Amino acid sequence: MALVVQKYGGTSMGTVERIRNVAKRVAKTYDAGNDMIVVVSAMSGETNKLVAFANDMCEFPDNREYDVLVASGEQVSIALLAMCLKSMGYKAKSYHGWQVPIVTDSVFSKARIEKIDDKKVRADLKDGTIIIVAGFQGVDKEGNVTTLGRGGSDTSAVAMAAGLKADVCEIYTDVDGVYTTDPNICQDARKIDKVSYDEMLELASLGAKVLQIRSVEFAKKFNVDIHVRSSFNDNPGTMVTKEDKDMETVLVSGIAYDKNEAKIAVMHVPDKPGIAAKLLSPLSDANISVDMIVQNVSEAGMTDFTFTVTKADFKKALAITKESAKEVNARDVVTDENITKVSIVGVGMRSHAGVATTMFETLAREGINIQMISTSEIKISVVVDNKYTELAVRVLHDAFGLAGKSAAME
Ligand code: ADP
Ligand code: ASP
Ligand code: MG
């Protein structure tokens with residue numbers, strides 16, 4: 001008998017009919033003799049609706065109450081799935097994050113899981129009960145409800161698998177696995193059979209929302225193999241696992257894009273030690289992560305300092321930056337929300353030269369201007385005008401020979 005963790009995302013749980021379909025899949029795995037923990041997301045669109053309510057209610061919603069609100073979407077899903085399984089004659093029980101408990105730190109809306117207490121869940125499993133856990137949510141040491149960041153149910157699932165030493169961790173979604181790029185914007189995208197933790201970490205952090213980045217961090221740390229697959233068919237999906245020798249022969253494994261960032265430029269600041277810290281420390285104090293950073297060559301001792309943050313943090317980051325800009329006597333703060341970060345990722349890049357040149361030449365040929373660049377050992381990212389997103393992804397996908405035979409949307 002194996003312990004299987006399955007996670008079903010928003011689209012898979014999108015309607016009552018689809019939840020019934022999920023229940024049937026869960027029942028089938030259970031009937032095959034497995035213990036089961038099922039982690040579910042809110043029905044698709046529900047979390048967006050809750051976020052919109054909060055933003056309509058006030059300009060800067062209170063952090064604690066924001067999490068109480070957005071965590072509620074998953075509550076609907078766990079109850080409906082447990083109800084359905086019970087009506088089919090199975091023992092099932094829904095769990096909020098706090099009922100498990102999944103203990104996190106207190107950073108509301110981007111909390112990190114610190115500990116999972118498995119006592120209650122183990123006792124229920126022993127009794128043959130199917131455990132249905134609300135994804136995306138936890139509880140801090142003071143008993144406050146916390147959430148793990150958008151897409152966080154993936155992390156709940158991998159953390160449960162790691163914490164309870166599950167034999168299998170399956171992430172069921174609306175595509176057949178991890179593709180060379182988003183199959184919903186590139187018809188030629190090809191399913192990858194196996195991808196290393198490090199490549200998946202980069203793809204996830206660069207916008208391939210098929211897995212939340214923290215879920216991959218957990219998987220790597222605790223050696224959990226993740227099987228990403230579709231909830232609408234039985235096709236084998238993608239294994240996210242340890243790197244092996246074959247993976248290095250591929251130059252670029254995938255292309256990711258992220259429309260979820262915005263650019264803030266602080267214009268005409270003195271080019272002297274301490275300025276970057278003065279501008280960025282107040283942001284990190286407010287738990288806002290800055291992604292790409294560019295500082296121009298200085299002219300007459302003055303320079304421009306540009307960085308990106310997520311759109312969710314943008315309003316807050318701008319208000320903070322306007323204050324810091326005054327303190328450093330900047331001339332102006334300029335913003336651009338119409339940007340996309342496009343990235344190429346591959347462990348093969350470590351041992352092959354010329355990848356950046358191919359990327360830049362390919363974009364230049366299409367007249368796509370590169371606004372910012374950042375690189376790591378296994379990725380190159382550029383910021384471009386968001387009207388070029390699809391075009392940039394497609395031409396890079398072609399340039400690195402990623403197109404394959406298997407149709408992405410079959
Ligand atoms: P879920 O609701 O199941 O968690 P998500 O919407 O979070 O699903 O993630 C699945 C989506 O990720 C797909 O529908 C696809 O559009 C998108 N996606 C982006 N990049 C990739 C990629 N490289 N491979 C597969 N899917 C991707
Ligand atoms: N419902 C949450 C979201 O939409 C968590 C998730 O789906 O993973 O971000
Ligand atoms: Mg998701």
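Because the structure is a prediction, the values reported are computed rather than measured.

A. Here's a closer look at the site of ligand 2. Neighbouring ligand 2 are S41, A42, T47, E74, F136, R150, G151, G152 and S153. Note that an oxygen atom of ligand 2 is positioned 3.1 Å from one of the side-chain N or O atoms of S41. R150 places a polar side-chain atom, nitrogen or oxygen, 2.6 Å from an oxygen atom of ligand 2. Relative to its unbound accessible area of 270 Å², ligand 2 is 86% covered by the protein chains. Residues of the shell around ligand 2, tallied by class, amount to two nonpolar, five polar and two charged.

B. The layout of surface pockets, seen in detail. Computed from the structure, the second largest pocket encloses a volume of approximately 280 Å³. Lining the second largest pocket are 13 residues, and of these I113, E114, F218, K221 and F222 lie nearest its centre. At the level of secondary structure, the elements contributing two or more residues to the lining of the second largest pocket comprise strand 5 (113-116), helix 6 (153-163) and helix 8 (213-222). Of the residues forming the lining of the second largest pocket, the biggest block, five residues, is contributed by helix 8. Partitioned by chemical class, the residues of the lining of the second largest pocket number six nonpolar, one polar and six charged.

C. How the structure looks around the nonpolar core. Ranked by size, the top nonpolar core spans 47 residues in total, and within it I37, V121, V133, M160 and M200 carry the most contacts. The element best represented in this core is helix 6, accounting for six residues. In this structure, V121 is in contact with I37, Y95, V100, I131, M160 and L164, ignoring residues within four places of it in sequence. Counting residues in each nonpolar core, the second largest holds 22 residues, with V40, Y90, I130 and Y172 among its members.

D. Examining the sheet that holds strand 11 (residues 226-230) more closely. Taken in spatial order, the eight strands line up as 3-6-2-1-9-11-12-10 in an open sheet, and their pairing is mixed. The strands lining the two open edges of the sheet, one partner per strand, are strand 3 (92-95) and strand 10 (194-196). The sheet shows a mean angle of 20° between the axes of neighbouring strands, direction not considered. Two strands pair when backbone bridges link them, and strand 11 and strand 12 (residues 238-241) are joined in this way by three bridges, in the antiparallel orientation. Pairing of I226 across the sheet is with V240, part of strand 12. Along the sheet, helix 1 (residues 16-31) contacts strand 1 (3-8), strand 2 (35-40), strand 6 (130-134), strand 9 (168-173) and strand 11; its crossing angle with strand 1, the most-contacted strand, is approximately 170°.

Calculation criteria
Residues numbered from 1 in each chain as written. Chains lettered and ligands numbered in written order. Predicted model: local features only at pLDDT ≥ 70, side-chain atom pairs only at ≥ 80, totals over all residues. Heavy atoms only, no water. Near = heavy atom within 4 Å. Polar contact = N/O pair within 3.5 Å; in protein donor to acceptor, adjacent residues only side chain to side chain. Areas by Shrake-Rupley, 256 points an atom, 1.4 Å probe, with all protein chains shown as cover. Nonpolar A, V, L, I, M, F, W, Y, C, P; charged D, E, K, R; others polar. 1 Å grid on protein atoms, 1.4 Å probe; cavity = no way out; pocket = protein on both sides within 12 Å on 5 of 7 lines; lining within 4 Å. Points joined across faces, edges and corners; volume = space filled by probe spheres on them. Helix = DSSP H or I, 4+ residues; strand = E, 2+ residues; numbered from the N terminus. Core = buried A, V, L, I, M, F, W, Y, C linked by side-chain atoms within 4.5 Å. Buried < 20%, exposed > 50% of the residue type's maximum accessible area, 1.4 Å probe, protein only. Contact = heavy atoms within 4.5 Å. Pairing = 2+ DSSP bridges. Axes fitted to C-alpha atoms, helices over the stretch in contact; angles between N-to-C directions.

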